[in-house]
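For reference, the chains in residue letters:
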Amino acid sequence: MSTASQVATHTAPADPAHPAVGAATSLLDAYTPGDHFLATPGRTLLARGPGRHVPHDERPLTARVGATLAAAVAAGQESPVVMGAIPFDHTAPAALSVPDAVRCAPPLASDPLIALPASAPSAGNWRIRPVPEPEIYGKGVASAVERMWRGEFSKVVLARTLELTSGAPLDLPAMLQRLARRDPSGYTFALPTGPGRTLIGASPELLVSRRGTQVVANPLAGSTPRSADLAEDVRRAATLLESAKDLHEHAVVVDAVHQALAPYCTELTVPARPTLIRTATMWHLSTTVVGTLASPDASALELACALHPTPAVCGTPTPTARQVIAETEPFDRGFFTGVVGWGDARGDGEWVVTIRCADAEERTLRLYAGAGIVAASEPAAETAETAAKFRTFLSAVGAEL
């Protein structure tokens, strides 16, 4: 069975200068709001200070990032990296910067101290407002299914949000601790996206990584909630592996990833059937796609831009799915279903699909969760799936639906 931690063998290696015990968790413990924190199955990164902001202008994003990295190198910065977030709408401003210095450690999962439990969330008085209401979300799913049966498109990912308001200022370091310690083999992040704003979350999905000429993508599509009962949990996993609806949804995404990466690669290995990965709350169908670059000029970020958005977060055909999302969702996704990650001046890097996340500002959190809608989808089941996905973050703040 494939697990999220297995992706680590394909990502950039951890910094060997750091000992394993306590190195990664010390960076987690050192995080304060405004820092750039990113933990992947390959490494743990923490950067402090504004550094060089990647501008928003008419140039392609890859050109702007390349110019910013080149300016850092010209200024004498050794091994600069870009870190941050790219929104769902590729025309909107990204929140990317090249920090003046980045501290690097091995992955959290390799640090024995990550097994120590995080402090339990205090009994906060959260006010929760769903946007849209679950019933309205279900009607949106039903409408999309009806349009698919008419042949307008084949898949769309529809999301809903929860707006959580606290009576006290948000404790982002404590939230990050709980997210990281609950799923240390995943991708945990806390990244500034504007004055007083932070994108925080724990994603299970690698969009793409590059190390030298090796490329890895790990698309996820098709999900089912975990169960606290072991026998039921295993039954759900086995059922997911045989679900015609979920296997079709997954195949659509894998084919899109294959088609997007093929022009860049001389070799591309795509398994015939998916395996499973698990998080604390969900089972996901997973396929690990491995390729060899034809040219070292294609950076990890360029590959990520070629892939983004996949049908796993948007739908297919992409233009039609984008339009359906704009017509159905009563909110701006912002950085949700965008991309977070890092890249260096050589072109190596890891870029992750921005799911299981929240926008944090002062006393307010906006949580996001989406579900892939295909012709066989049922509104009640898709609403329940999004509710299960919310559990990742709700448990980190001590809130319940």
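Residues numbered from 1 in each chain as written. Predicted model: local features only at pLDDT ≥ 70, side-chain atom pairs only at ≥ 80, totals over all residues. Heavy atoms only, no water.

An unreviewed UniProt entry lists the chain under the name isochorismate synthase, with Streptomyces anulatus as the source organism. The UniProt entry for the chain carries the following comment under Sequence similarities (unreviewed entry): "Belongs to the isochorismate synthase family." The UniProt entry for the chain carries the following text under Catalytic activity (unreviewed entry): "chorismate = isochorismate". (UniProt positions renumbered as here; feature names shortened; annotations may be inferred.)

Chemist: So what's going on with the UniProt feature "domain: Chorismate-utilising enzyme C-terminal" (unreviewed entry) in the chain? Residues and values would help.
Modeler: In this numbering, the UniProt entry assigns the feature "domain: Chorismate-utilising enzyme C-terminal" (unreviewed entry) to residues 135–389. Across residues 135–389, the secondary structure splits into 34% helix and 35% strand, with the terminal C-alpha atoms separated by 17 Å. (Helix = DSSP H or I, 4+ residues; strand = E, 2+ residues; numbered from the N terminus.)

Chemist: Outline a nonpolar patch on the surface, supporting the account with residue identities and numerical values.
Modeler: Taken together, the side chains of Val21, Leu113 and Leu116 make up a nonpolar region of the molecular surface, amounting to roughly 270 Å² of accessible area. For Val21, the position within the fold is in the segment before helix H1 (23–30). Looking at Val21, the relative accessible area reads 58%, which means it is exposed. (Patch = residues over 30% accessible without salt bridge, like charges linked within 9 Å, V, L, I, M, F, W, Y side chains within 5 Å. Areas by Shrake-Rupley, 256 points an atom, 1.4 Å probe, with all protein chains shown as cover. Salt bridge = Lys/Arg side-chain N within 4 Å of Asp/Glu carboxyl O. Buried < 20%, exposed > 50% of the residue type's maximum accessible area, 1.4 Å probe, protein only.)

Chemist: Before we move on, could you go through the sheet that holds strand S13 (residues 220–225) and cite the residues and values that matter?
Modeler: Reading across the sheet, the three strands line up as S13-S16-S15 and stay open at both edges, with antiparallel pairing between neighbours. Both edges of this open sheet fall to S13 and strand S15 (275–278), since each of them pairs with a single strand only. Going from strand to strand, the sheet's axes swing by 30° on average, the running direction of each strand aside. Bridge count between S13 and strand S16 (residues 282–286): four bridges; the pairing is antiparallel. Residue Thr224 lies in a different strand from S16, and its bridge partner there is Trp283. Along the sheet, helix H5 (residues 230–242) contacts S13, S15 and S16; its crossing angle with S16, the most-contacted strand, is approximately 30°. Packing against the sheet, helix H6 (residues 244–261) makes contact with S13 and S16, and its axis sits at approximately 150° to S13. (Pairing = 2+ DSSP bridges. Axes fitted to C-alpha atoms, helices over the stretch in contact; angles between N-to-C directions. Contact = heavy atoms within 4.5 Å.)

Chemist: So what's going on with helix H4 (residues 172–182)? Residues and values would help.
Modeler: Of all eleven residues in H4, nine are buried, a share of seventy percent or more. The complete set of buried residues in H4 reads Leu172, Ala174, Met175, Leu176, Gln177, Arg178, Leu179, Ala180 and Arg181. You can read the cap of H4 off the contacts: a side-chain oxygen lies 3.3 Å from the backbone nitrogen of Ala174, and it is on Asp171. (Polar contact = N/O pair within 3.5 Å; in protein donor to acceptor, adjacent residues only side chain to side chain.)

Chemist: With reference to specific residues and values, describe the packing of aromatic side chains.
Modeler: By the definition in use, this model includes two aromatic pairs. Taking 4.9 Å as the distance between ring centres and 10° as the angle between the ring planes, the aromatic pair formed by Phe336 and Tyr368 counts as stacked. With a gap of 32 residues between them, Phe336 in the loop between helix H8 (318–328) and strand S19 (339–344) and Tyr368 in strand S22 (residues 364–373) connect regions that are remote in the sequence. The pair Phe336 / Tyr368 is uniform in exposure class, with both members buried. Against the face of Tyr137 rests Arg160, its NZ or CZ located 5.9 Å from the ring centre. Across from the ring centre of Phe88, 4.6 Å away, lies the NZ or CZ of Arg333, which sits over that ring. (Phe/Tyr/Trp six-rings, centres within 6.5 Å; stacked < 30°, edge-to-face > 60°. Lys NZ or Arg CZ within 6 Å of the ring centre and 35° of its normal.)

Chemist: Can you lay out H6 for me, pointing to particular residues and giving the numbers?
Modeler: Here H6 is 18 residues long and its end C-alpha atoms lie 26 Å apart, about the 26 Å a rise of 1.5 Å per residue gives. Among all positions of H6, only Lys245, Asp246, Leu247, Glu249, His250, Val253, Val254, Val257, Ala260 and Leu261 are buried. (Expected span 1.5 Å × (residues − 1).)

Chemist: Provide a residue-level description of the environment of Ala251, including the pertinent values.
Modeler: Relative to the helices and strands, Ala251 is located in helix H6. Among the residues examined, Ala251 registers a relative accessible area of 43% and is labelled partly exposed. Separated by 32 residues in sequence, Ala251 and Pro219 place their C-alpha atoms 9.8 Å apart.

Chemist: Mind laying out the pairing of S15, listing which residues take part and the relevant values?
Modeler: Relative to S16, S15 is paired through four bridges, and the arrangement is antiparallel. Within the sheet, the bridge partner assigned to Leu276 lies in S16 and is Leu285. Between the end of S15 and the start of S16, which pair antiparallel, lie three residues.

Chemist: Outline the side chain of Asp348, listing residues and values.
Modeler: Counting through the fold element by element, Asp348 comes out in the loop between S19 and strand S20 (349–353). Relative accessible area serves as the criterion here: at 10%, Asp348 is assigned to the buried category. Engagement of the side chain of Asp348 in a polar contact is seen with the side chain of Arg210, the distance being 3.0 Å. Residues within four places of Asp348 in sequence aside, it is in contact with Arg210, Arg211, Gly212, Ala300, Trp342 and Gly343.

Chemist: Give a detailed account of the pattern of salt bridges, specifying residues and quantitative values.
Modeler: Going through the model one piece at a time under the given rule, you end up with 22 salt bridges. Residue Asp348 pairs with Arg210 through a salt bridge whose shortest N-O separation is 3.0 Å. Within this pair, whereas Asp348 is found in the loop between S19 and S20, its partner Arg210 is found in strand S11 (residues 206–211), the two being separated by 138 residues in sequence. For Arg210, a relative accessible area of 4% gives the class buried. Look at the salt bridges and you will find they share partners, linking Glu146, Arg147, Arg150, Glu152 and Glu327 into a network.

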